[in-house]
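Overview (structure and organization)
As a plain string of letters, each chain reads:
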Amino acid sequence: MQLPIPFMLGVLLGAAAWSGSAVADVLPEDADGWHSWQVDEPGASTEMCCFTWKNDARSSQGCNLDGHSISFSNSGDGSAPPGTNQVYVHLGAGVPEDIVVLSSNCLVSAETAVVDHGLLSARENMRWFRSVIEDPQLEDDVREEALFALVNSNSDAAYAYLDKLLTTR
């Protein structure tokens, strides 16, 4: 039995729309403020957290997402207990303005509530980051933050993507 072409086109269009909807559902259009999700990446874990300098000594006190400069560490007293990757994205009118990836065990604070979107698959996370990195309309700083976040994810898929980016330039 051969299916009619309009039916097959409808199925393909539906599949394409469904495959991209998971990321769109995580960060709705025209959303503002901080959004966060954990990445379901079994091989990756992080100790990344923030630290501050006090009396010539580094101390960990968590991260203020709204701070103008964040100092990161993945070792010593600036680290958090190992955890999964926790992605924080600040949106203005649905556009990424700031991206930070930390340990899920790192304490964070922000001036406004952080909308938690739960656990996102590594594939969906990767698709979201690719959409940021490959969008020439976004600020270069945001695209660089997305690249930095992928490097810190320690995922094989991220490294394969970064390798592909480097070899095609």
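Report follows, based on the coordinates. (Residues numbered from 1 in each chain as written. Predicted model: local features only at pLDDT ≥ 70, side-chain atom pairs only at ≥ 80, totals over all residues. Heavy atoms only, no water.)

Further remarks concern the overall build of the protein chain. When helices and strands are tallied, the protein chain shows 4 helices and 9 strands. When the helices and strands of the protein chain are read in sequence order from the N terminus, they spell out α-β-β-β-β-β-β-β-β-β-α-α-α. Considering the protein chain as a whole, with its 169 residues, one finds that 34% of them fall into the buried category. The contacts in the protein chain between residues at least 6 apart in sequence include a share of 67% that link residues at least 24 apart. Taken as a whole, the protein chain presents about 10,200 Å² of accessible surface, with 54% of it coming from carbon and sulfur. (Helix = DSSP H or I, 4+ residues; strand = E, 2+ residues; numbered from the N terminus. Buried < 20%, exposed > 50% of the residue type's maximum accessible area, 1.4 Å probe, protein only. Contact = heavy atoms within 4.5 Å. Areas by Shrake-Rupley, 256 points an atom, 1.4 Å probe, with all protein chains shown as cover.)

Turning our eyes to something else, we now look at a negative patch on the surface. A cluster of acidic side chains, namely Glu29, Asp30, Asp32 and Glu97, defines a negative patch on the protein surface. On the secondary structure map, Glu97 appears in strand S7 (residues 95-103). What makes Glu97 partly exposed here is its relative accessible area of 45%. (Patch = residues over 30% accessible without salt bridge, like charges linked within 9 Å, V, L, I, M, F, W, Y side chains within 5 Å. Salt bridge = Lys/Arg side-chain N within 4 Å of Asp/Glu carboxyl O. Lys, Arg positive; Asp, Glu negative; His and termini not counted. Charge placed at Lys NZ, Arg CZ, Asp CG, Glu CD.)

Let us now look at helix H4 (residues 156-167). Across its 12 residues, H4 extends 16 Å between first and last C-alpha, which sits within 8% of the 16 Å expected from 1.5 Å per residue. Regarding H4, the residues found buried are Ala158, Tyr161, Leu162 and Leu165. Here the buried residues of H4 occupy an arc of 100° about the axis, which is enough to place them on one side. Away from its buried face by more than 90 degrees, H4 exposes Asp156 and Thr167. Taken together, the buried residues of H4 touch helix H2 (122-133) and helix H3 (140-153). (Expected span 1.5 Å × (residues − 1). Arc of directions from axis to C-beta.)

What follows deals with unusual backbone geometry. Unusually for a residue other than glycine, Ala93 sits at a positive phi of about 55°. One can find Ala93 in the loop between strand S6 (85-92) and S7. On the basis of relative accessibility, which here comes to 48%, the residue Ala93 falls in the partly exposed class.

Summarising the element assignment, His35 is placed in strand S1 (residues 33-40). Only 2.7 Å separates the side chain of His35 from the side chain of His117, close enough to count as a polar contact. Setting aside its immediate chain neighbours within four residues, His35 contacts Leu27, Val87, Tyr88, Val89, Leu91, Val114, Val115 and His117. (Polar contact = N/O pair within 3.5 Å; in protein donor to acceptor, adjacent residues only side chain to side chain.)

Among soluble globular proteins, nonpolar side chains are generally buried collectively. Core analysis: the largest hydrophobic core is formed by 24 residues, its most contacted members being Trp37, Ile99, Trp128, Phe129 and Leu150. For this core, the elements supplying multiple residues, two or more each, are S1, S6, S7, H2, H3 and H4. At 5 residues, the largest contribution of residues to this core is made by H2. Once residues lying within four places of it in the same chain are set aside, the contact partners of Ile99 are Tyr88, Val89, Trp128, Phe129, Val132, Val142, Glu145, Ala146 and Ala149. (Core = buried A, V, L, I, M, F, W, Y, C linked by side-chain atoms within 4.5 Å.)

Of all 8 residues in S6, 7 are buried, a share of seventy percent or more. As paired strands, S1 and S6 are joined by 6 bridges and run antiparallel to one another. Residue Gly33 lies in a different strand from S6, and its bridge partner there is Leu91. Bridge count for S6 against S7 is 8 bridges, and the pairing is antiparallel. The residue of S7 that forms the bridge with Gln86 is Leu102. Here S6 folds back onto S7, and the loop between the two strands holds 2 residues, one of which, Ala93, carries a positive phi near 55°. (Pairing = 2+ DSSP bridges.)

Taken as a whole and judged by the stated rule, the model has 1 disulfide. A disulfide bridge connects Cys49 with Cys106, and the sulfur atoms are separated by 2.0 Å. In this structure the cystine formed by Cys49 and Cys106 twists about its S-S bond by roughly 65°; its chirality is therefore right-handed. You can see Cys49 sitting in strand S2 (residues 49-54) and its partner Cys106 sitting in the loop between S7 and strand S8 (108-109), a full 57 residues away along the chain. Relative accessible area serves as the criterion here: at 5%, Cys106 is assigned to the buried category. (Disulfide = S-S within 2.5 Å.)

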